[in-house]
Amino acid sequence: MKPGIHPAYRPVVFRDKAAGFAFLTRSTLTADRTVEWEDGETYPVYDVEVSSASHPFYTGTARVMDTAGRVERFERRFGHRGTR
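Residues numbered from 1 in each chain as written. Predicted model: local features only at pLDDT ≥ 70, side-chain atom pairs only at ≥ 80, totals over all residues. Heavy atoms only, no water.

### As for the pattern of salt bridges
Between side chains of opposite charge, a pair can form as their charged atoms come close.
1) Next: Counted according to the given criterion, the structure contains 2 salt bridges.
2) Next: Between Asp47 and Arg15 there is a salt bridge, with its nearest N and O atoms 2.8 Å apart. Note that Asp47 is positioned in strand S4 (residues 42-48) and Arg15 in strand S1 (residues 10-16), a separation of 32 residues in sequence.
3) Next: On the basis of relative accessible area, Arg15 is assigned to the partly exposed category, the value being 25%.
4) Next: A salt bridge links Arg33 to Asp47, with the shortest nitrogen-to-oxygen separation between them at 3.1 Å. (Salt bridge = Lys/Arg side-chain N within 4 Å of Asp/Glu carboxyl O. Helix = DSSP H or I, 4+ residues; strand = E, 2+ residues; numbered from the N terminus. Buried < 20%, exposed > 50% of the residue type's maximum accessible area, 1.4 Å probe, protein only.)

Put into structure tokens, the structure is as follows:
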């Protein structure tokens, strides 16, 4: 890699405040705040709104939309328009 043009790649803690979940990984993000991690080291911390701990798809609380039922209900209410 060409020296001097790439951002610093270092350990960063990502914290999901909604779920109370945090994980340590490497990133080029910069953060003003720091947090002391489980290993006793201090790392920059970046707060996220959604992570795998709080996203409905990963937690199993996602709802499936019944699009076929919605179309049938619309056709019952307003009648079928167009050719079929």
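### Topic: the packing of aromatic side chains
1) Next: Scanning all chains against the criterion turns up 4 aromatic pairs.
2) Next: A centroid spacing of 5.8 Å and a plane angle of 70° characterise the contact between Phe14 and Tyr46, whose relative ring orientation is edge-to-face. Within this pair, whereas Phe14 is found in strand S1, its partner Tyr46 is found in strand S4, the two being separated by 32 residues in sequence.
3) Next: Of the residues examined, Phe14 reaches a relative accessible area of 12% and is grouped as buried.
4) Next: Taken together, a centroid distance of 5.9 Å and an interplanar angle of 40° make the contact between Phe21 and Phe23 tilted.
5) Next: By relative accessible area, Phe21 is classed as partly exposed at 31%.
6) Next: The exposure class assigned to Phe23 is partly exposed, which follows from its relative accessible area of 32%.
7) Next: Within the aromatic cluster, the residues linked to one another by ring pairs are Phe14, Phe21, Phe23 and Tyr46. (Phe/Tyr/Trp six-rings, centres within 6.5 Å; stacked < 30°, edge-to-face > 60°.)

### A look at the confidence of the model for the chain
1) Next: Per-chain confidence: the chain averages 81 in pLDDT, with 74% of residues scoring 70 or above.
2) Next: Ranking the helices and strands of the chain by mean pLDDT puts strand S3 (residues 34-36) first, with 93, and helix H1 (residues 56-59) last, with 60. (pLDDT = per-residue confidence, 0-100.)

### Quick word on a negative patch on the surface
1) Next: Together, Glu36, Glu38, Asp39 and Glu41 make up a negatively charged patch on the protein surface.
2) Next: Turning to its location among the elements, Glu41 is positioned in the loop between S3 and S4. (Patch = residues over 30% accessible without salt bridge, like charges linked within 9 Å, V, L, I, M, F, W, Y side chains within 5 Å. Areas by Shrake-Rupley, 256 points an atom, 1.4 Å probe, with all protein chains shown as cover. Lys, Arg positive; Asp, Glu negative; His and termini not counted. Charge placed at Lys NZ, Arg CZ, Asp CG, Glu CD.)

### Observations regarding the sheet that holds S1
1) Next: An order of S2-S1-S4-S3 is seen for the 4 strands of this open sheet, with the pairing classed as mixed. Of all strands in the sheet, those with a lone pairing partner are strand S2 (21-27) and S3, marking the two edges. Averaged over neighbouring strand pairs, the angle between their axes works out to 45° when direction is ignored.
2) Next: Across 4 bridges, the pairing between S1 and S4 is parallel. Its bridge partner being in S4, Arg15 is matched across the sheet by Asp47. (Pairing = 2+ DSSP bridges. Axes fitted to C-alpha atoms, helices over the stretch in contact; angles between N-to-C directions.)

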